[in-house]
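Letter by letter, the chains look like this.
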Amino acid sequence: VSVDVSQGTVSLGSFEFECGESVDALAAAYETYGEFTGDNAVLVCHALTGSQHVSGRHRDGGTAGQARAWWDDIVGPGKAVDTTDYYVVSVNVPGSCYGTTGPSSEAPDGEPYGTAFPPVTIRDWTRVQRLVLDELGVGRLHAVVGGSAGGMNVLDWAVAYPDDVHRIVPIATAARLDPQCLALDGIARRAITTDPNWNGGDYYGGDHPDHGLGIARQIGHVMYLSKDSMERKFGRRAAGRDFVRDAFPADRAADFFPYREVESYLDYQAEKFVDRFDANSYLYLTRAMDDYDLAEGYESDADALAAFEGEALLVSFTGDWHFTVEAGESLAEAFRDASVPVAHHVVESDHGHDAFLVEPEKVGPPLSDFLADGVRGRSVTDTARDGGEDPTEYAPVHNSLFSG
Ligand code: COA
């Protein structure tokens, strides 16, 4: 089965960011899959370093890793988000580097913006998506789906445009990052800004701050794995291949000791990443994620969600310490307190945060059933209703409006 895929860029003209600064000409790159029938649009929000290229592994977009068909196992003909039923739209967020205007884009003076680009927030991502959907003729969305920072983007839809979306699926996400994650993101940014090639963000004409960006990505990878997945993937083994060993400088004594699998993995990932991502974009997008707080401008998370009249499926993974099951449960409580029908589906997985990308057989069924039937969908479970994997751990005693 083949479905229509279209790629494009919408010129949105002058755009004022949440911070109050503007750019004269904001362009937004998007992809769509399938046919719009009026009520079948599903917006897929990409994670931090992802792109609008959600599905279609056979197409070579010239990008790699998370930027190339990053959810091909979930989105496509006959898959959980079935593009023969749904019209899937994905938009590259402002501040990124896959076609939507960001720090590496050309400013009116003909030079890249660099760090003169306005600070970007997740609300800016949401507003740009809304404008692109207007251009595509999509009013109300059947659903908004996304993981990680993309899950925060999903939550923001329920707050910014509560009447425009019927069902939301925030996956492996939280109402806000905890201080441990803020710390690691801060260190990752330091790695970039202390690279001599970063040069205040003005490096486009010369050597790029690849070491700094590579280290930032390595910190990210450690956050996306778990103790168990690292044990399984690498243990303490010495690396079978040495080809990335020279990626970073080393001291003479290093030769006496093994270069380990875990180091080789991270060095390989760093090398791949710097070829596909812009260092300034990494600064901008991690700041947007760090800044996000569901309750901002409201009295509480529940208050922020109060105007949303649709349904929500939250998916968390037991091995994820970046966005924990506890953070997911606290978010579920907020939905319950706001009287929004919600299911918090906990997936048993030792894959860490990456589980939402590498466990399609566990994510697909609840997602597909929820898109079709809402929280009553067949394979959708809920911590409050079913007790999750371990009822004693997750069954919350809650005094929400719902329990009455
Ligand atoms: N030394 C060197 N390279 C190694 C290695 C080692 N010890 N072990 C694995 N690799 C290589 C693999 O050969 C593979 O190479 P390829 O990409 O050229 O095919 C690559 O590392 C990825 O392998 P791995 O991470 O083990 O695959 P996976 O299926 O477990 O996970 C991804 C796939 C895409 C989820 C993961 O690679 C990734 O990119 N994670 C980050 C995703 C992300 O950005 N999440 C953030 C959300 S905010």
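Definitions and cut-offs
- Residues numbered from 1 in each chain as written.
- Predicted model: local features only at pLDDT ≥ 70, side-chain atom pairs only at ≥ 80, totals over all residues.
- Heavy atoms only, no water.
- Buried < 20%, exposed > 50% of the residue type's maximum accessible area, 1.4 Å probe, protein only.
- Helix = DSSP H or I, 4+ residues; strand = E, 2+ residues; numbered from the N terminus.
- Pairing = 2+ DSSP bridges.
- Right-handed = clockwise from strand over helix to strand, strands pointing away.
- Near = heavy atom within 4 Å.
- Polar contact = N/O pair within 3.5 Å; in protein donor to acceptor, adjacent residues only side chain to side chain.
- Areas by Shrake-Rupley, 256 points an atom, 1.4 Å probe, with all protein chains shown as cover.
- Nonpolar A, V, L, I, M, F, W, Y, C, P; charged D, E, K, R; others polar.
- Axes fitted to C-alpha atoms, helices over the stretch in contact; angles between N-to-C directions.
- Contact = heavy atoms within 4.5 Å.

Colleague: Explain the pairing of strand β10 (residues 165–171) here, please?
Modeller: Two faces, one strand: in a regular strand the side chains alternate between the faces of the sheet. Judged by how many residues are buried, β10 sits mostly within the fold: six of seven residues are covered. Bridging between strand β9 (residues 141–147) and β10 involves six bridges; their strand directions are parallel. Looking at the pairing, Val 144 lines up with Ile 168 of β10. One crossover worth recording links β9 to the parallel β10 by way of helix α2 (residues 149–160), and it is right-handed. Here three bridges tie β10 to strand β11 (residues 311–317), and the two strands are oriented parallel to one another. Paired with Arg 167 across the two strands is Glu 311, which belongs to β11.

Colleague: How should the site of the ligand be read in this particular structure?
Modeller: Close to the ligand lie 18 residues; Glu 261, Ser 264, Tyr 265, Tyr 268 and Lys 272 are nearest. Contact distances for the ligand include 3.2 Å between a nitrogen atom and a side-chain N or O atom of Asp 354. About the coverage of the ligand: the protein hides 72% of its 960 Å² of free accessible area. At the level of elements, α4 (210–224), α6 (261–276) and α10 (355–358) are the ones that each hand at least two residues to the shell around the ligand. Taken together, the residues of the shell around the ligand sort by class into six nonpolar, six polar and six charged.

Colleague: Just checking my understanding: could you explain the sheet that holds β10 for this structure?
Modeller: The strands that make up a sheet pair up through hydrogen bonds in the backbone, lying either parallel or antiparallel. Taken in spatial order, the eight strands of this open sheet run β1-β4-β8-β5-β9-β10-β11-β12, and their pairing is mixed. Among the strands making up the open sheet, the edge pair consists of β1 (5–11) and β12 (342–347). Averaged over all pairs of adjacent strands, the angle between their axes in this sheet comes to 20°, without regard to strand direction. Here α2 sits on the sheet in contact with β5 (41–45), β9 and β10, set at roughly 150° to β9. Of the strands in this sheet, β9, β10, β11 and β12 touch helix α11 (residues 360–373), which is tilted by about 165° from β10.

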